[in-house]
Amino acid sequence: MVLVLVPLITGCAPANRWTRSDAPPNQADRDWAQCRRAADREVLGRSPRSYDADIGIAAGPDSGRGNPLAMASRQQDEKAHERAVGSCMTGLGYRLTPTK
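Please read all numbers here as calculations on a predicted model, not as lab measurements.

As for helix α3 (residues 68-91)
Between its first and last C-alpha, α3 extends 34 Å over 24 residues, near the 34 Å set by a 1.5 Å rise per residue. Looking only at α3, the buried set comprises A70, R74, D77, E78, A80, H81, A84, V85, G86 and M89. G93 occupies a position one or two residues after α3 and carries a positive phi of about 95°.

Structure, rendered in structure tokens:
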């Protein structure tokens, strides 16, 4: 049983983190939060559905459950959100580095 749980627990850990050599401690977290808010506005501005970036899904009655077109649209929104956050962080001089 322990052997099964260990991969499940380690599989949830983030594979990468944003780093910048001159950033003071916790600056990456603050910048990431700012970039995420900007991405939230960008994705919400393009999508008529409510988007919950905290959990990465569309919210509300038209969440796309069971509707393949809505599900594909939601996946596109999620990818657009990830790209917008990444672009913002890269623009601030960060790069993704593997966690140890």
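The discussion continues.
Considering the state of the cysteines
Within the structure shown, the criterion is met by one disulfide. One disulfide in the model links C35 with C88; its S-S distance is 2.0 Å. In this structure the cystine formed by C35 and C88 twists about its S-S bond by roughly -70°; its chirality is therefore left-handed. In this pair, C35 is assigned in helix α2 (residues 27-46) and C88 in helix α3, connecting sequence segments 53 residues apart.

A short note on the nonpolar core
Residues W18, A28, C35, A39, A84, V85, M89 and Y94 constitute the largest nonpolar core, which totals eight residues. Elements represented by at least two residues in this core include exactly α2 and α3. Discounting residues that sit within four places of it in the chain, C35 has contacts with V85, C88, M89 and L92.

The rules behind the values
Residues numbered from 1 in each chain as written. Predicted model: local features only at pLDDT ≥ 70, side-chain atom pairs only at ≥ 80, totals over all residues. Heavy atoms only, no water. Helix = DSSP H or I, 4+ residues; strand = E, 2+ residues; numbered from the N terminus. Expected span 1.5 Å × (residues − 1). Buried < 20%, exposed > 50% of the residue type's maximum accessible area, 1.4 Å probe, protein only. Disulfide = S-S within 2.5 Å. Core = buried A, V, L, I, M, F, W, Y, C linked by side-chain atoms within 4.5 Å. Contact = heavy atoms within 4.5 Å.

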